[in-house]
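Survey of secondary and tertiary structure
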Amino acid sequence: MKLKILVGTVTNTAEYVAQAIEMDCADLVDEIEVVMMDGLSIDAFAEDALYLLCTSTYGAGDVPDNAQALYASLDDAPRYLGHVRYGVIALGDAGSHGATFAFGGRKFDERLECLGARRIGDIFTHDASDGSVAEEVATAWCRAWLPTALAQMPA
Ligand SMILES: Cc1cc2nc3c(=O)[nH]c(=O)nc-3n(C[C@H](O)[C@H](O)[C@H](O)COP(=O)(O)O)c2cc1C
């Protein structure tokens, strides 16, 4: 089974997180592919893979610019995604954006759930104001999450 990580970012933290997971979790899954969300559409979910949405938050609780097309596509070109199992890493900053903390990832989660996709596990959030290193805590979370998620993939 492939883990397909879809990355939404402005200043690359989410990309570094995805790359750290690609390196540190390679022993847990057959293949890991990191894909920037730029220009993607709902077709990105057509593959037989386990998905991990890894995205930051911008504006006032918006998805990053490079994630806008994919996010819009889930609304404009909706399709039943009952085969999709996914996790979410939602980056944000609770210190300066408490009211919209990690909304980028939460917004993707809401739309995917509406289309019948099933999230495995809780949304993992990283708060840029808490002093932790996103790559480290997200990789540790992913190492725990991956085996559970793989066990729940439809046969
Ligand atoms: C202009 C701006 C707006 C932001 N808006 C939010 C927000 O609404 N909610 C939130 O939780 N974080 C917000 N953030 C924080 C980023 O999501 C956070 O720093 C994240 O780690 C950046 O990840 P990236 O480098 O992958 O883009 C904002 C940051 C900037 C610079």
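Let me begin by describing the structure that accompanies this report. Small disclaimer: the values here were computed from a predicted structure and weren't measured. (Residues numbered from 1 in each chain as written. Predicted model: local features only at pLDDT ≥ 70, side-chain atom pairs only at ≥ 80, totals over all residues.)

What about the nonpolar core?
This is how the line gets drawn: Only buried residues count toward a nonpolar core: Ala, Val, Leu, Ile, Met, Phe, Trp, Tyr and Cys, linked into one set through C-beta atoms within 7 Å. Here the C-beta atoms are placed from the backbone, and a residue counts as buried if at least 20 other C-beta atoms lie within 10 Å of its own, exposed if 12 or fewer do, and partly exposed otherwise. What counts as a helix is a DSSP run of H or I of at least four residues, what counts as a strand is a run of E of at least two, and both are numbered from the N terminus. We call two residues in contact when their backbone-placed C-beta atoms lie within 7 Å.
Within the largest apolar cluster, 40 residues are counted, with the highest numbers of intra-cluster contacts made by I5, Y51, L52, L53, C54, Y86 and I89. Elements that contribute at least two residues to this core include exactly strand 1 (2-8), helix 1 (13-24), strand 3 (49-55), helix 2 (68-76), strand 4 (85-92), helix 3 (103-114) and helix 4 (134-151). If one sorts the elements of this core by residue count, strand 3 sits on top with six residues. Those residues in contact with Y51 that lie beyond four places of it in its chain are K4, L6, F45, V84 and Y86.

Considerations on the packing of helix 2 against helix 3
The condition that has to hold: Geometry is summarised by axes, namely lines fitted to C-alpha atoms with helices restricted to the contacting stretch, and by angles between N-to-C directions that run from 0 to 180 degrees. Should an angle lie under 35 degrees it is considered roughly parallel, over 145 roughly antiparallel, and from 65 to 115 roughly perpendicular; all remaining angles are considered oblique. Should the near helix be turned anticlockwise from the far one by less than a right angle, the crossing is left-handed, and should it be turned clockwise, the crossing is right-handed.
Relative to each other, helix 2 and helix 3 sit at 25°, their axes nearing to 10 Å. Classified by the interaxial angle, the pair formed by helix 2 and helix 3 is roughly parallel. Like other packed secondary-structure pairs, helix 2 and helix 3 cross with a definite hand, here left-handed. Contacts between helix 2 and helix 3 pair Y71, L74 and D75 from the former with K107, F108, R111 and L112 from the latter.

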